[in-house]
Amino acid sequence: MGAAGGETGPAGTGGGGGATAVPEGGTGPGGTAEARRRRLGAVRGAMAERQVDALLLSHGADLPWLTGYRAMPLERLTMLVLPVEGDAVLVVPELEAPRVPAGADVVVRPWAETEDPVALVAALLAPALPAARGRAPRLGISERAWASTLVSLQQAVAGAEWVVAAAVTGPLRAVKDAAEIAALRAAAAAADAVAVAVTGGEVPMVGRSEAEVSADIARRLLGAGHHQVNFAIVGSGPNGASPHHEPGERPIERGDVVVCDFGGTLVPGGDTVGYCSDITRTVTVGPPAPEVAAAYDVLRRAQAAAVSAVRPGVRAEAVDAAARQVITDAGLGPRFIHRTGHGIGIEEHEAPYVVAGNRTELVPGHAFSVEPGIYLPGRYGMRLEDIVVVADDGVDVLNTAPRDLAVVDG
Ligand code: ZN
Ligand code: ZN
């Protein structure tokens, strides 16, 4: 049986065009290379403003965002030495160097197994340090660099002040350019195809374990074009009350409410860097109990209210408040136990976070999830999640899968 009702909710005002049109140069390798050059210029401008003398980018999303190259999380050091002026140099293990894309706008410096890469980084940094300017050097390092790398660098570069690179890159990377929005839209479409299968009853539930349903969803995510599955949460019955439940051996039964939250990474054609999808739909196996239907109605309205609140100039926390108000008014406020959403891009979770206290003003290009939930411990849970992008004139909802409570037969 299909989803109860075919209405797909707040379709957004941005649709497929307008503010998110493909940029000059397109989204292929040429356009992406140009976009990366623009990003590098913006980062250097922000470094100068904050008097950050160099960024040292290792694991995490900043490096692929700027260069198209994603470092494997090896113990061997990969580090882009990015001074505020002059060449950016990518220090990379020799055996990884062939993976650096040709279009990356950096000087590649492979290091052999017997070299000391920290000494190499320190030597590359030396000309960028403001010894003559009478202040301590200020260096920004990836949040996800190994602690051992940072400790070694602190010994090798005496007297430097260390900050997280995200202080410079975070606000810039949170605002997606047109190539990135196109990539997020493609990932969302692939996730939608799987969500439609789940809510349409094509994914058998009854008698299968959560783990089996999760594996089925994971296969479908790959089949729909993702290059990697990041997670496929299936929380049935009481397990649905744990938002990040690890799918287990519990067999799904008639009458269960089942929370399905899944996503992967899709690499656009001609590119080397993937962008994430993330969607949640809740289904009931057989007709829902009246209480479940009533709670879902609250959830549905809460999510619609939050999506409708998204537009330029609104603070991120106001979007959270819009969802929370509806759930609180229904007497279920304490059962909504997490923030309303998170930014999404190269990483599954990144800025901006949609949470009370985040006074960041939304601007066109901010991309994030809107995913209120209601959780009744020992009984069931429910969540509804879409990815949205702030458009010039409102909101562009990337996901289109039906949002009503889906009732499946078996
Ligand atoms: Zn999710
Ligand atoms: Zn999410």
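Residues numbered from 1 in each chain as written. Chains lettered and ligands numbered in written order. Predicted model: local features only at pLDDT ≥ 70, side-chain atom pairs only at ≥ 80, totals over all residues. Heavy atoms only, no water.

**Regarding the coordination of the zinc ion (ligand 1)**
Now for step 1: The protein atoms that coordinate the zinc ion (ligand 1) are Asp261 (OD), Asp261 (OD), Asp278 (OD) and Glu385 (OE), at distances of 1.9 to 2.6 Å.
Now for step 2: In this structure, the zinc ion (ligand 1) is coordinated by 4 donor atoms arranged in irregular fashion, with angles at the metal of 55 to 150°.
Now for step 3: On the primary sequence, the residues serving as donors to the zinc ion (ligand 1) are separated as D-x16-D-x106-E.
Now for step 4: The distance between the zinc ion (ligand 1) and the zinc ion (ligand 2) is 3.1 Å, with aspartate 278 acting as a donor to both metals. Here aspartate 278 is found in the loop between strand E9 (275–276) and strand E10 (279–285), whereas its partner glutamate 385 is found in the loop between strand E15 (380–383) and strand E16 (386–391), with 107 residues between them in sequence.
Now for step 5: Assessed through its relative accessible area of 3%, aspartate 278 is described here as buried. (Donors = N, O, S within 2.8 Å, 3.2 Å for Na, K, Ca; no water. Tetrahedral: all angles 85-135°; square planar, octahedral: opposite > 155°, others 65-115°. Helix = DSSP H or I, 4+ residues; strand = E, 2+ residues; numbered from the N terminus. Buried < 20%, exposed > 50% of the residue type's maximum accessible area, 1.4 Å probe, protein only.)

**Quick look at the domain arrangement of the chain**
Now for step 1: Examined at the domain level, the chain breaks down into domain 1 (20–172) and domain 2 (174–408).
Now for step 2: The centre of domain 1, based on its C-alpha atoms, is set 33 Å off from the matching centre of domain 2.
Now for step 3: Tallying the contact residues gives 20 residues for domain 1 and 17 residues for domain 2.
Now for step 4: Both faces combined, the contact of domain 1 with domain 2 buries some 1500 Å², and carbon together with sulfur accounts for 51% of it.
Now for step 5: Across the domain 1-domain 2 interface, the total number found is 3 salt bridges. (Domains from an automatic or database assignment. Contact = heavy atoms within 4.5 Å. Buried area = accessible area lost by both parts, 1.4 Å probe. Salt bridge = Lys/Arg side-chain N within 4 Å of Asp/Glu carboxyl O.)

**Notes on the pairing of E10**
Now for step 1: For E10, the tally of buried residues reaches 7 of 7 residues, placing the bulk of the element in the interior.
Now for step 2: Here E10 shows two buried faces, one formed by Ile279, Arg281, Val283 and Val285 and the other by Thr280, Thr282 and Thr284.
Now for step 3: Taken together, the 6 bridges between strand E8 (residues 257–266) and E10 define a ladder with antiparallel strand orientation. Bridge pairing in E10 links valine 257 to threonine 284. (Pairing = 2+ DSSP bridges.)

**Section: the side chain of asparagine 230**
Now for step 1: One can find asparagine 230 in strand E7 (residues 228–236).
Now for step 2: Within the structure, asparagine 230 has its side chain in polar contact with the side chain of glutamine 228 (distance 2.8 Å).
Now for step 3: Non-local contacts of asparagine 230, meaning those with residues more than four positions away in its chain, are made with Gly263, Gly264, Thr265, Cys276 and Glu348. (Polar contact = N/O pair within 3.5 Å; in protein donor to acceptor, adjacent residues only side chain to side chain.)

**Quick look at the packing of aromatic side chains**
Now for step 1: This model, assessed by the stated rule, comprises 0 aromatic pairs.
Now for step 2: A cation over a ring is seen here: arginine 324 above phenylalanine 336, with NZ or CZ 3.9 Å from the ring centre. (Phe/Tyr/Trp six-rings, centres within 6.5 Å; stacked < 30°, edge-to-face > 60°. Lys NZ or Arg CZ within 6 Å of the ring centre and 35° of its normal.)

**Quick look at the sheet that holds strand E5 (residues 138–141)**
Now for step 1: A sheet is described by the order of its strands in space; here 6 strands give the open sequence E4-E3-E2-E1-E5-E6, paired in mixed fashion. Lying at the two open borders of the sheet, with one neighbouring strand each, are strand E4 (107–111) and strand E6 (161–164). Between one strand and the next, the sheet's axes are offset by a mean angle of 20°, whatever the strand orientation.
Now for step 2: Where strand E3 (residues 89–93) meets E4, 5 bridges bridge the pair, whose relative direction is parallel. Bridge pairing in E4 places proline 93 opposite tryptophan 111. (Axes fitted to C-alpha atoms, helices over the stretch in contact; angles between N-to-C directions.)

**Details of the pattern of salt bridges**
Now for step 1: If you walk through the whole model with that rule in mind, you get 26 salt bridges.
Now for step 2: With a shortest N-O distance of 2.9 Å, glutamate 350 and arginine 173 are connected by a salt bridge. Residue glutamate 350 is located in strand E12 (residues 350–354), and its partner arginine 173 is located in helix H5 (residues 166–173); the two are separated by 177 residues in the primary sequence. For the pair formed by glutamate 350 and arginine 173, the shared burial category is buried.
Now for step 3: Two residues, aspartate 404 and arginine 300, come together in a salt bridge whose shortest N-O distance is 3.0 Å. In this pair, aspartate 404 is assigned in the loop between strand E17 (394–397) and strand E18 (406–408) and arginine 300 in helix H8 (residues 290–309), connecting sequence segments 104 residues apart.
Now for step 4: Connected through shared salt-bridge partners, Asp62, Arg144, Arg173, Lys176, Glu347 and Glu350 make up one network.

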